[in-house]
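Chain by chain, the residues run as shown.
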Amino acid sequence: MKTIATIAAELQGYDPQALRVDAVNAFLSRLVEPVTTQESVGIFQALGRVLAQDVISPISVPAHDNSAMDGYAFDSAQLSGDAPLKLAVAGTLRAGAGWALPVAPGACVKIMTGAIMPSGLDTVVPQEFVSVNDNGITIPAGLLHAGDNRRLRGEDLMQGQPALRKGQLLTPAALGLLASLGIEQVAVWRKLRVAYFSTGDEILSLGQPPREGAVYDSNRYTVFGLLSRLGCEVIDMGVVRDEPSVLEAAFTRAAQQADAIITSGGVSVGEADYTKLMMKKLGDVAFWKIAMRPGRPMAVGRIGNAVLFGLPGNPVAVMVTFLAFVRPALLQMMGSTAAAPPLLKANSMELLRKKPGRTEYQRGIVSTGVDGTLQVQTTGNQGSGVLSSMVQANGLIVLHHDQGDVASGDSVDVMMFDGVV
Ligand code: AMP
Ligand code: MG
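Keep in mind that what you see is a predicted model, and the values were worked out from it rather than measured.

Mapped onto the secondary structure, Arg150 falls in strand β10 (residues 150–151). You can call Arg150 partly exposed: its relative accessible area is 26%. A sequence separation of 82 residues divides Arg150 from Ala68, and the C-alpha atoms of the two residues are 5.4 Å apart. With residues up to four places along the chain from it excluded, the contact list for Arg150 reads Asp65, Asn66, Met117 and Asp122.

In structure tokens:
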């Protein structure tokens, strides 16, 4: 486990007072380590988990050459370029059944999709292409090539080859793939345990009566949702009062139970409260000003064996810093090897004011324009407390560090929320 000082020394141009977004990710990828404990789970429990071992195909899929269409299987050697081919029908073959007899030249077999190709036959003519008469079928000239409409043995997965790699996030498609191999049980990394709490004396828990100057805690719920969708085991520690002994107890308990601790609030420069003091006292923690908007203040480090993400308090800043930094770091801790989803390009429907020298994330509504290309408009007020904008938006417009103003019609990068936010 590397200390904050070691990582800071490794990174070129590390400036905690004006840290670039890419430097934050580079720092975090050096700070966090993947879990090392595996467990075996049934396929229904495997959704969203991360594979801890390669899965080697015990069988080939498909197990035999088979038909991709309902039609007639025949030997393509009988095709001649310019004449229609007349064939007798020797019988019918359904999916799941076998065909034992040899098929004589001049004959074909009526075959259903998925049925095993009878030996010696390599091509299927779809039934809608043939004319049927009393003596059999006629295949028009020039329509087919050898091997058409035949699926080859092992074309999906070949026996003995890796079907899925260690580090694969198990998606619905991956579950289906496992099932296609007859696999019911897989080795996955254990779930990541993440404890989170909100700080600030002005923060009300649900159920408390409203009070002048106080706000209901929304961050715990967005963090709960984001973590749950990521497949983490969540440990909700409530709102923690700004009192040294209470904060100390909360951090200590979180560090004992969790792999990661997420807090919100209390990390900005002007903060009078004890959150930062307690992080400093109990852990190895860096306090950053990040060149970004929204966001900026963030604390990162370790308390005990747990990684600490001290997020800012503003509700939109919490979500944006989670998406930009915490999520990729947690995925790494979960053992996932998935590349970050690519940013999309969309044409901005408006002028966007942007100062070079920081990364800005604006809430965007991406849609398809009349010409079929993607376009994006902002949700309006981009205040870092305007949580309704995160609900309206379906993505974040990412205005990169060196980028300046964006003219209406110019292309911008967008990070879509799909399935995440
Ligand atoms: P702070 O980072 O503590 O200075 O907080 C910045 C702003 O976010 C303040 O207006 C806080 O009231 C607000 N805030 C902090 N924590 C929460 C929370 N858990 N839920 C909603 N708003 C919060
Ligand atoms: Mg505060």
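Still to come is the rest of the account.
The next point concerns the packing of aromatic side chains. For the structure on display, the rule yields three aromatic pairs. When the ring of Phe197 is compared with that of Phe251, the centres are 5.1 Å apart and the planes differ by 70°; the resulting orientation is edge-to-face. Of the two residues, Phe197 sits in strand β13 (residues 193–199) while Phe251 sits in helix α5 (residues 244–257), which places them 54 residues apart along the sequence. For Phe251, a relative accessible area of 0% translates into the label buried. Of note, Lys280 hangs over the ring of Phe287, and the distance from its end group to the ring centre comes to 5.4 Å.

Take Tyr14: it is sitting in the loop between α1 (4–10) and α2 (21–31). Expressed as a C-alpha distance, the spacing of Tyr14 and Lys345, which sit 331 residues apart in the sequence, is 30 Å. Here Tyr14 is in contact with Ala8, Leu19, Phe27, Ala286 and Trp288, once residues within four sequence places are set aside. In this structure the side chain of Tyr14 is engaged in a polar contact, spanning 2.7 Å, whose partner is the side chain of Trp288.

Turning to the packing of α2 against helix α7 (residues 315–333), a few remarks are in order. In contact at an axis separation of 10 Å, α2 and α7 are set at 25° when each is read in the N-to-C sense. In terms of their interaxial angle, α2 and α7 are classed as roughly parallel. Crossing of α2 over α7 shows right-handed handedness. In this structure, α2 uses Val21, Val24, Asn25, Leu28 and Ser29 to contact α7, whose residues at the interface are Ala324, Phe325, Pro328, Ala329 and Gln332. Residues that form the contact of α2 with α7 fall into these classes: seven nonpolar, three polar and no charged.

It is worth spelling out the side chain of Ser336 at this point. With respect to the element layout, Ser336 can be found in the loop between α7 and β22 (344–348). Apart from the residues lying within four places of it in its own chain, the contact partners of Ser336 are Val50, Gly167 and Leu331.

Packing of helix α4 (residues 219–230) against α7 leaves a shortest axis separation of 11 Å and a crossing angle of 25°. Considering their axes alone, α4 and α7 lie roughly parallel with respect to each other. Judged by the sense of rotation from one axis to the other, the crossing of α4 with α7 is right-handed. Residue-level inspection shows Asn219, Thr222, Val223, Leu226, Leu227 and Leu230 of α4 in contact with α7, the latter providing Pro315, Val318, Met319, Phe322, Leu323, Arg327, Leu330 and Leu331. Classifying every residue of the contact of α4 with α7 gives eleven nonpolar, two polar and one charged.

The end-to-end C-alpha separation of α4 is 16 Å, in line with the 16 Å expected for twelve residues at 1.5 Å each. Among the residues of α4, Asn219, Arg220, Thr222, Val223, Leu226, Leu227 and Leu230 are the ones counted as buried. Across the axial projection of α4, the buried residues extend over an arc of 165°, all falling on one side. After α4 finishes, the residue Gly231 shows a positive phi value of roughly 85°.

Rules used in this analysis
- Residues numbered from 1 in each chain as written.
- Chains lettered and ligands numbered in written order.
- Predicted model: local features only at pLDDT ≥ 70, side-chain atom pairs only at ≥ 80, totals over all residues.
- Heavy atoms only, no water.
- Helix = DSSP H or I, 4+ residues; strand = E, 2+ residues; numbered from the N terminus.
- Buried < 20%, exposed > 50% of the residue type's maximum accessible area, 1.4 Å probe, protein only.
- Contact = heavy atoms within 4.5 Å.
- Phe/Tyr/Trp six-rings, centres within 6.5 Å; stacked < 30°, edge-to-face > 60°.
- Lys NZ or Arg CZ within 6 Å of the ring centre and 35° of its normal.
- Polar contact = N/O pair within 3.5 Å; in protein donor to acceptor, adjacent residues only side chain to side chain.
- Axes fitted to C-alpha atoms, helices over the stretch in contact; angles between N-to-C directions.
- Parallel < 35°, antiparallel > 145°, perpendicular 65-115°, else oblique.
- Left-handed = near helix turned anticlockwise from the far one by under 90°.
- Nonpolar A, V, L, I, M, F, W, Y, C, P; charged D, E, K, R; others polar.
- Expected span 1.5 Å × (residues − 1).
- Arc of directions from axis to C-beta.

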